[in-house]
Every structure is written in structure tokens, then in C-alpha cells.
Amino acid sequence: MIRSGLAKFGFFGTALALSAGLPLIPAFSVSAQEPSPKPTSEVVAYNENGTVIDRAEVSTERVIVTGSNIPTAQEVGPNPVLNINRDLINKSGERTVEELLRNLPVANANGVPVSNNENGSNTAVGAATISLRGFDARATLILLDGRRVAPYPTSNAGIVFIDLLSIPQASIESIEILKDGASTTYGADAVAGVVNIKRRHNYNGAEASVEYGNTLNDDTGQFSSSIIFGVGNSNTNITGVINYYHRNSIANRDRSYSAVPPFLSSNASPYNLEVTRAAVVEAGGPAIADPTTIAHAPFLTNGLAPASAYTYTPNYANRFNFNQFSLSFPESERYGGYVSFDHKFFGDQVVLYGDMMYQNVKTHNELAPPATGNFQTAGQITVAIPPRVANLAGTTPFGGPTYAETGVTPGAFNPFNPFNQILSGGTRARLAEFGNRLFDNETDAYLGTLGVRGDKLFDGTWGYDAAFRYSQIKNTTTGTQVSISRFNRIVNQADPIFRPGSSEYIGTTVAFNPFGDYRVPIPGNQATVDFARIHPTDLDTSKLATVDANIYTIALVDLPAGGVGFALGGQFRREELDESPDQLNVIGDVAGNSAIAPAHGGRKSYALYTETTIPIFSEKNAIPGVHALDVTAAARFEEFLNNNTNVLVPKVGLRWQPLDESLTLRATAGEGFREPSLEELFSSPMSSIQASHDPLRIDPATRAPTFESETPVLTTSNPNLQPEDSRTFSAGAVYSPKYVPGLTLSLDLWDIERTGVVQAPTPDQVLAREAMGALLPGERVERLPSPGPGQVGAISRIVLANQNAASQTARGIDFGIQYQWPTSIGTFTSLTQATYLDAFFSKQTELGRTDNLRGRTTNEGASDEGYYKWKADTRLDWAWKGFDVIGTVRYIDGFHEHGPQDDPVPHYVKQTFTLDLQASYDFTYAEESQAATTSKDSKAPSTVATVSSLATWQRLLNGLRLTVGCNNVLDRDPPHAFGEGGNGVGYPGFTYDATGRFVYVRVTKKF
């Protein structure tokens, strides 16, 4: 399969006007300020005192910029690139790389957060990443020093991503974000953009940093430290980083807005028991009308209440507040190191380079005690509590589930069961007596690179770069959960584990009493609880090996306007995925989880790519209205050997300076692709809990499809998936008017389309197809037995599969303005960035409806986040004589969602403003000022002791910087969100966390 040729782009009308007269549009989008040593775009460079470096100080040496393989000295190229340098990272006040990137306006919905990211067979609590433009994280390519790294070995709800927590922030020198597709340069996944994290190289000296911060309500302290060192000379350099980080957890109960979620779970304690009318009457309960009912023991019972004291209702009446037990922010610890080196053999023409990195990430998360779901759920071991009296014949005189259906051994009994029937079927329980589900993740990330490069060869215009990189991420997850097979044994008084003479005896002769209330512990249950508690350990590994080489020149052919740039290269990649779940998970013997099969997959691919830059006009041959005009073109061919698929994608770009360098207009158009991940192709089925509306079961109260906030869903992989297609367009302008020195404006319009998107259908889509009798291959809806004639049983599980069926289109505008004003009382720098999402069209299937999701939630049944119409931040920086004070205001727009089921009126999740403040003082400035003053009087004898004392203080203060700051100064709470009543924390937990006001202090010392 070959895809090639530029498609017709359906852009909004202003895109055409842009190429002809963009300065007429009264809006702008600055990336990060005015030109910096990275001659890519609209970026500012600061010195150590926080003052912007003057243009004359900025180097114009040619460099490789993200999005191209040809070195350039242009300050603004055709590609929109945002550069975040080390100074901006320090001034951001962000605690991690993930937080820094997540809060950028270009990052919208569908990232993978640290907070509120539950762990199970389909989530990755020990990792996090971002996504650009509202697409999921698969469409954003993250690189380290321009090269790929292995993805996290466990997907997040089926989404594979690069883990940002495995990259120590101290090792980062700058981050370049290409806000455009770049499959021609980097291959698969570079659809919505590229995040290129550039690490420290050629560092001289040493620097130590220590930071501590905490919230002002409940302890969620953070401690981080790092040491950076570097030695070298004109030929050899070695740079190293050692880092450590620890962050305490936050419990949902610690915040008033998350202590009680919008919905409470029907998996509760006392258990919600499905019992028959005959069994209730036999036990002395009331004569109920329906053939079956849901019963629960009285609250605060000791487990010995008679059936007459139980509550009987048609539906699940008892509800459980899981947020009294769960964490919203996990505890985490990270440490590791990074070292890079380079050595020049023949000057810049032959340079051997390499790096090594190791990062260990430990994360501890806690969820509420296990929820069983329906005791009889397809794909899971059936949970069953035997009747009150042993029945050796295995008959069911009072109805209910049979011995054969549940696997209960004839003769099994539980003396505490008030009903003389097997309790299974639609019974739901919260196994609170067994304690919280605990998840301890440990990630070991390894990376090594070895390469050779050269520049300024032949006539000084040629260069090359070739390297081998190997990266691996190993993730070990150890849980504390409950074995269903053991639970079934401890509720059976006839099991040999209760016989003192048995080799399986567990130290008690009394079976587990499951009919109590967790708030009234039953002492006799402790031995059985210890027996049923298990610790499954899963081991997942992801590996990536790449070999790449390219040659380039800035003057392949000389034209009147200058040399033609050219690059040619190739790449070979080998990927491997190994998922080895614990045997307990393989057989599905974990409460509430489906079975997880081992998965192994691999893939090899190779690529050839080329790129050219053709100068049409420049200062050498400028004409009126065309000071400079460049055209760029690139193409890439890539073949995947595992499924015999291949792609051919092109890209073209235009850069035009009509008058001089103060105004640059630019535009790009290209195609891209995303190859399905190994997870999507080969991984084991993933279980999750999602919201659903069942059209076959009408709620008698609302006359609407029955809403269920806890529908078990199983998503399966698909080895027949094909590559996704994408098309991108961008156009923009960067303007630095000469009559207003220090001012830089820019604007970028963008339009991105994805087709054949790999996506599992929603439960509602599967249910709609079930109602029409048109389920697709691999789909099925599993239901409980019918409660009566003409009625449909409740859903026990929905099974669905990944498909190349969805399509998405996003378009919007990046705005911004940066202005620097030097005065006698310091330098003021103002920077504003904003992104406007004009539309986000989504179609789940080829024949489905196209919806514009802009300003709406990403998930009606949860509202964890939204497709935000606006995201923006504005920063004011004042630097003067060693002082630096920064204030940052961040804005996140609101979105619409559906309210609870009894409130059909759409609800607006409010927008938020937050204020961050930071102040720092560089003692080097004070030391230098004092030294200068003292030197004037140094000839006086009385100053000899003063000078000696001053020299001591100079050594202590030189290079010392003290920083204090406060994030979310006004302590704004996250906005309330319902998610149709199915939101788990009461706010958009994938966008916001529960940190609140956070105060920190940082000390940095350079040696």
C-alpha cells in the first residue's frame, strides 16, 4: 500500500488571505519571544540575570532545527517552532517536565496525566505525557536530541506514548516544539507536532540545586535535587547530571471538592445481593412482588442480621463512596543519571559522540477496595456465596443461580448467609474488609547513543551525522488485591482450609462472614482476609533500536539568491514489546478484572528521506516586495516489514520576507502517517469501566435508555490494522517592527486531518448496533439472564475491538505578543501566548455522524477533560541588579457537558484563571558590586581585613541563586464536573490536579 501526493486541504477561508496579506489580520501568536541563538522562530534568549540578550549578542551560527535536516542560520524558518530554553524552564515554576508541557497553550485534551490516572490492565499510573492540538498522545512524537526513544510498555486506555517522567528535568537544556506535521523528517507519529527535548551538552563547571515545596493544606511535599557537572577542552567534553525527586500523595478525601464524587458505586458494603422471592420468604423476609430483588443488610451490622432486617429494592440501593479511600495524586520517587561526551578527531569534521541515561521511577497508588462487579461476569471467575445449609444433592429449591452455573460444590455452605440460595448473578460487592487496592510501579528506563558527525567538510558546506541508539523501558507492577478463587473458598465452611488436620489449614475454623458492614470490623474474618489477599506482579518491557545516517549541504548548487540546501538520509528501526502478566492475571483470578493474556510483538522498518531548500530571492537579488523568498520540499518513504505496509509522504514549505527581516510570512503543507503501535496490533485484551446508555432497557422513571456508570468493557487488539493517514497545513507570520524595539508579534494558523484513526468504538455505539442487529466482527454484548418475559437482562460486559474507522480534523490559531522594555529601574519583559481551537471534528465510524467537539467534554460519561476553545498564559518578568520577579497568569477555558441523568440541562464546566509568582536573587551580582566598591579603597591599611573577609564571602556567594515561589497563589479549586453523574472525582481530573496553592524554595549554586 503506497500513499502519496498532496491532497486538497479544506482550510478555513482566512488561510488563503494569510498567504497574501497576513499583516492585515489584527492578531498574533508569539512562540516564546524574540530571536534566540536557535535561529528557528520567535524565541527569546536570556542571560543569567534575566535580561534578554541583545540581537548583537545572539549567534547566527547555523544549526539543525527541529523539523529539518538542513542546517540554517535563519531566525525564522518556514516551520512554526516554539523554543523553551533553560531560563524559561526555571522561571516557569513547574515541578516536572510533564507539568511544564501540559500547561502550554498548544497542549489541549487527551494527554496522559499523573493525577487521577487509575491503575489496572488499561492504565499507566507510573508514567505521563502530553498531546498537541487535542489529538491523543499517539499523534505527538517526542524525541530526545532529535532521535526516538522506546515507548512506555503499558498503554493508557489503549494509547501508547512516550513517558516524560523517565526524563530528568535537570538534564534538559531546551525544548523545541514543532507545531506542525513532520512525518517527512521523522516518520510515523509526527502528525500533530513534534516535541524535541534537547539535553545538556558541553557544560563546563558544576551546579548543585535543591528544591522543597509543599501545599498549605495537608502534606503533599515535594523534594528535588540535582548535580550538573562538565569538564572539557577544545577537543573533548564530558557532561553529566545526577537527579533525585520525591513527591507525596494526595488523597481524594483531603479535598472538599473530591471527597464525595458525583456518583457512588453500586459495588458496596454491605453487599448488594440479588436474591429470589422464594429465598426471601423462606428466610423470614417480606413477601416481595418481583421474582428477584436486590437486598442489602442493615447499615453498621455485625454480619448477623436476619433477613427480616434487610432492605429490599428493585435496583442497587446501597452505594459506596470510593473517594474516601482512593488517591488522586500518587506518591512518586525518581532518581537517575545522564552523561554525554564528544571528542573531535579532526576538528569539526570528525566528532565521535555518545550518551547514556538511566532513570528509575517508583510510583505508589491506592484505589478503593476491590469492586467485584456482577458476581457472574463473562470472562471473569464467577463469585458465589454458598447457601446457608449444605445441599449435598446440588439442587436449588429456592431458585437463583445453580451449582453448575456458579461452580459451587454440592455440600458447600456459609453459616452466616441469611438466605438458603447461592448468592451470585447480579450480586455486587465492595470487598472493603480486604483493604485498599495497592499498586506499586517501578520503571527502569535505559538509553544509550553512539554516533559520529562532521560539519564544514569539503568547501565548508557539507556535513553528515550517523548514530546507533538503543532504549528500553521495563515496568514492574506489583499489586495488593483479592483472589476470587480464594474468596470462593473462604466463604465455604466446608472447604478443607478450615479443618485443623488438613495440610491447607489457615489457622481458623470459621468461614468468612461477608454479610457485615466494613465500618464494623468482624474480628473473626482476619485470618480469611489474609488468605485471600494476593500480590500479583506484572512485567512489561518495551525496546527500540535505531540506526540512522544522513548527509547534508547548504550549497548543493549556487543560485543568484544563494546555495541550495539538500539532505538525504535513511533509518532502520527495530521495536519489541513483551507483556508478561502475573499468572493470577492470566487466569483472571483478580477481583474485578478480566483475564490478561501475555503479549509479544515485534516490528522492523526502514525509511529513506530527502529534503531541499531552494532560495529564490535574498538580499543578493531582492526586488521590491520580495526581500527574501525560500521554497522547501521534503519526502519520505517508509516500509514496515511486519505487515507489508508502506507509505510515501511529501511536504512543501514557503518562507517570504516582503520588505526586510522584520516581517516573515511562512506556510507549509504536507502529508503524514501513524503506524499502529505494537500494543494496538498484538496486546492482550484490556478491561475498563465506562459509562453506557442501554437502548434495550428503558428507565421507567425517565423513559430514556438505562444509564450505567460502571459498565465493564473489554477492548481487544487487531493484527490487521493499517497505517493512519494525516494531512497538515500551517501558515503564519512573525513581525518585529523596527519602530518598536523589543516587540515581537506572530500568528500561526493550522489545520490537521487524520483518517483511518485506530480507535475502539464507544459502548453506546456497540449497543446501538446491537439494537439494530448489526454488530461488527469482534463485538458482542454479554447480558445477565432476563428478569422476566419480554425483558432484557442487564449488561454484564461489552466486548469491542480496535478498528481503522475514525477520522478527526482540528484547526485553530496560535496567538501571542512579547515586549521587552529596558528602563533605569530594570528590564520588563511581557510574554503572552494563546491558542484558539476553532474546531475539532470527530467521526467515530466511516458512516457515522461528524460532531464538532470544540468546547465539549472528551467523554460525556466522565468529563475528565474537554476540548478547550482557549488556552493562554501571560507572563511579566522584572529583572534588576540580581533581582528577578515573575508573575504568570494561566487561563483554561470551560466546556459543556451533560449533567446527571435527572438533570437533562447541559452543564457548563467553568473556565479558570490561576496566578503564579516567583522571585529570585542572584548573589553573584551583589558580590561583584561589593568587590568593585571595595577595590576602590583597597590601598587603605584598614581595608586589608575587610578584603580578606570579603574574599571568603565571595567564594560562598559567587554563583549562588535563591528562588522562592508560589503556584496557584489564589488557591483556586478545579471547576465542578458531573460527567452525566459518572465523573469519579467531581472535577476534570485529567486537566487539573488537587495540589492547590503550592509554595516552594530553590537554592542553586554554581562552582
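Quick caveat: nothing in here was measured; it's all calculated off a predicted structure.

Undergrad: Tell me about the overall build of the chain, and please be specific about residues and values.
TA: Broken down by element type, the chain carries 13 helices and 41 strands. Scaling as 2.2 N^0.38, a compact globule of 1007 residues should have a C-alpha radius of gyration of about 30 Å, and the chain matches this with 32 Å. For the chain, the proportion of its 1007 residues judged to be buried stands at 59%. For the chain, the share of sequence-separated contacts (at least 6 apart) that also reach a separation of at least 24 residues comes to 73%.

Undergrad: Could you give an account of the sheet that holds strand 10 (residues 292-296), naming the residues involved and the relevant values?
TA: Strand order in the open sheet formed by three strands is 9-10-11, and the pairing between neighbours is antiparallel. The open sheet has two free edges, formed respectively by strand 9 (273-276) and strand 11 (311-313), since each of these has just one partner strand. The average undirected angle you get between the axes of adjacent strands in this sheet is 40 degrees. Here strand 10 runs beside strand 11; their pairing, made up of three bridges, is antiparallel. Bridged to histidine 296 within strand 11 is threonine 311.

Undergrad: Help me get a handle on the pairing of strand 25 (residues 663-674), residues and values and all.
TA: Counted residue by residue, strand 25 has twelve buried out of twelve residues, so it is predominantly covered. In strand 25, alternate side chains face the same way, and those of Leu663, Leu665, Ala667, Ala669, Glu671 and Phe673 on one face and Thr664, Arg666, Thr668, Gly670, Gly672 and Arg674 on the other are all buried. As paired elements, strand 24 (residues 645-657) and strand 25 share six bridges and run antiparallel to each other. Considered in strand 25, the bridge of valine 652 is made with alanine 669. The antiparallel hairpin formed by strand 24 and strand 25 contains five residues in its connecting segment. Bridge count for strand 25 against strand 28 (residues 724-735) is twelve bridges, and the pairing is antiparallel. Its bridge partner being in strand 28, glycine 670 is matched across the sheet by threonine 728.

Undergrad: Break down the packing of aromatic side chains for me, with residues and values.
TA: Inspection of every chain in the model, using the stated rule, returns 25 aromatic pairs. A ring pair is formed by phenylalanine 458 and tryptophan 462, whose centres lie 6.4 Å apart and whose planes are at 80 degrees; its orientation type is edge-to-face. We classify phenylalanine 458 as exposed; its relative accessible area is 72%. On the accessibility criterion, tryptophan 462 (24% relative accessible area) is partly exposed. Between tyrosine 921 and phenylalanine 923, the ring centres sit 5.0 Å apart and the planes meet at 85 degrees, which makes this aromatic pair edge-to-face.

Undergrad: Before we move on, could you go through the nonpolar core and cite the residues and values that matter?
TA: As a rule of thumb, nonpolar side chains are buried together in soluble globular proteins. In terms of nonpolar packing, the biggest core is built from 41 residues, with Ile84, Leu101, Leu164, Ile175, Ile177, Val195 and Ile197 touching the most fellow members. Going through the elements one at a time, strand 1 (81-85), helix 2 (86-92), helix 3 (97-102), strand 2 (140-144), strand 3 (172-178), strand 4 (193-199), strand 29 (743-759) and strand 33 (826-843) are the ones with two or more residues in this core. Ignoring anything within four residues of it in the chain, the contact list for leucine 164 reads Val97, Glu98, Leu101, Ala128, Thr129, Ile130, Ile142 and Ile197. Counting residues in each nonpolar core, the second largest holds 35 residues, with Tyr271, Leu423, Ile484 and Ala532 among its members.

Undergrad: Please set out the pairing of strand 33 residue by residue, giving values where relevant.
TA: Relative to strand 33, strand 32 (residues 803-823) is paired through 17 bridges, and the arrangement is antiparallel. Note that in strand 33 the partner of glycine 816 across the bridge is glutamine 833.

Undergrad: Give a description of the pattern of salt bridges that names residues and reports values.
TA: Tallied over the entire structure, the rule returns 54 salt bridges. Notably, a salt bridge pairs arginine 388 with glutamate 282, separated by 2.8 Å at the nearest N-O pair. Of this pair, arginine 388 sits in the loop between strand 14 (351-367) and helix 6 (403-406) while glutamate 282 is found in helix 5 (residues 277-282), placing the two residues 106 residues apart along the sequence. Take glutamate 282: its relative accessible area is 32%, and that puts it in the partly exposed class.

Undergrad: Help me get a handle on the side chain of arginine 636, residues and values and all.
TA: Mapped onto the elements of the fold, arginine 636 is located in strand 23 (residues 628-640). Within polar-contact distance, the side chain of arginine 636 engages the side chain of glutamate 638 at 2.9 Å.

Undergrad: Would you mind going over helix 11 (residues 763-772) in detail, with residue names and values included?
TA: Every buried residue of helix 11 is listed here: Pro763, Gln765, Val766, Leu767, Arg769 and Glu770. Each element contacted by the buried residues of helix 11 is listed here: strand 26 (686-698), strand 27 (705-716), strand 30 (780-783) and strand 31 (795-801). Once helix 11 finishes, glycine 773 follows within two positions and takes phi at roughly 70 degrees, a positive value.

Undergrad: So what's going on with unusual backbone geometry? Residues and values would help.
TA: Of the consecutive residues serine 269 and proline 270, the connecting peptide bond is found in the cis state with omega at 0 degrees. Assignment of secondary structure puts proline 270 in the loop between strand 8 (250-251) and strand 9. The phi dihedral of asparagine 110 falls on the positive side, at around 75 degrees, and the residue is not glycine. The phi dihedral of phenylalanine 458 is positive, around 55 degrees, even though this residue is not glycine. Position of phenylalanine 458 relative to the elements: it lies in the loop between strand 15 (437-457) and strand 16 (462-482).

Undergrad: Requested: an account of the sheet that holds strand 30, with residues and values cited.
TA: The strand order 26-27-31-30 describes an open sheet built from four strands, whose pairing is mixed. Two strands in the sheet have a free side with no partner beyond their single neighbour: strand 26 and strand 30. Across the sheet, the axes of successive neighbouring strands diverge by a mean angle of 35 degrees, strand direction being ignored. In this structure, strand 27 lies alongside strand 31, joined through four bridges in parallel fashion. Within strand 31, the position partnered with threonine 715 by the bridge is leucine 800. Of the strands in this sheet, strand 26, strand 27, strand 30 and strand 31 are in contact with helix 11, which crosses strand 26 at around 40 degrees.

Undergrad: Could you give an account of the confidence of the model for the chain, with specific residues and numbers?
TA: Chain-level pLDDT for the chain is 88 on average; 90% of the residues reach the 70-or-more range. Here residues 1-59 scores under 50 on pLDDT; set against residues more than four positions off or in separate chains, the count is 197 contacts.

Undergrad: Could you give an account of the environment of alanine 157, naming the residues involved and the relevant values?
TA: Following the sequence through the fold, alanine 157 ends up in the loop between strand 2 and strand 3. C-alpha separation for the pair alanine 157 and proline 306, spaced 149 residues apart in sequence, amounts to 43 Å.

Undergrad: Tell me about the side chain of threonine 443, residues and numbers included.
TA: For threonine 443, the location among the structural elements is in strand 15. Threonine 443 sits in the buried class, given a relative accessible area of 0%. Within the local environment of threonine 443, its side chain forms a polar contact with the side chain of asparagine 475, the two groups lying 3.0 Å apart.

Undergrad: Outline a nonpolar patch on the surface, supporting the account with residue identities and numerical values.
TA: A surface patch of nonpolar side chains, amounting to about 520 Å² of accessible area, comprises Val210, Tyr212, Phe223, Leu962, Val964, Val1001 and Val1003. Secondary structure elements with two or more residues in the nonpolar patch: strand 5 (205-215), strand 40 (960-967) and strand 41 (998-1006). Of note, valine 1001 is situated in strand 41.

Undergrad: Just give me the short version of the environment of leucine 178, but keep the residues and values in it.
TA: Note that leucine 178 resides in strand 3. Residue leucine 178 is classed as buried on the basis of its relative accessible area of 0%. With 121 residues separating them along the chain, leucine 178 and phenylalanine 299 place their C-alpha atoms 58 Å apart. Leave out the neighbours within four places in its chain, and leucine 178 touches Thr66, Gly67, Asn79, Pro80, Val81, Leu132, Gly193 and Val194.

Undergrad: Which residues make up the environment of leucine 273, and what values do they have?
TA: Looking at the secondary structure, you find leucine 273 in strand 9. On the basis of relative accessible area, leucine 273 is assigned to the buried category, the value being 2%. In contact with leucine 273, not counting residues within four places along its chain, are Thr293, Ile294, Ala295, Tyr310, Phe419, Leu423, Thr427 and Phe515.

What counts, and at which threshold
- Residues numbered from 1 in each chain as written.
- Predicted model: local features only at pLDDT ≥ 70, side-chain atom pairs only at ≥ 80, totals over all residues.
- Heavy atoms only, no water.
- Helix = DSSP H or I, 4+ residues; strand = E, 2+ residues; numbered from the N terminus.
- Rg over C-alpha atoms; globule rule 2.2 N^0.38 Å.
- Buried < 20%, exposed > 50% of the residue type's maximum accessible area, 1.4 Å probe, protein only.
- Contact = heavy atoms within 4.5 Å.
- Pairing = 2+ DSSP bridges.
- Axes fitted to C-alpha atoms, helices over the stretch in contact; angles between N-to-C directions.
- Phe/Tyr/Trp six-rings, centres within 6.5 Å; stacked < 30°, edge-to-face > 60°.
- Core = buried A, V, L, I, M, F, W, Y, C linked by side-chain atoms within 4.5 Å.
- Salt bridge = Lys/Arg side-chain N within 4 Å of Asp/Glu carboxyl O.
- Polar contact = N/O pair within 3.5 Å; in protein donor to acceptor, adjacent residues only side chain to side chain.
- pLDDT = per-residue confidence, 0-100.
- Patch = residues over 30% accessible without salt bridge, like charges linked within 9 Å, V, L, I, M, F, W, Y side chains within 5 Å.
- Areas by Shrake-Rupley, 256 points an atom, 1.4 Å probe, with all protein chains shown as cover.

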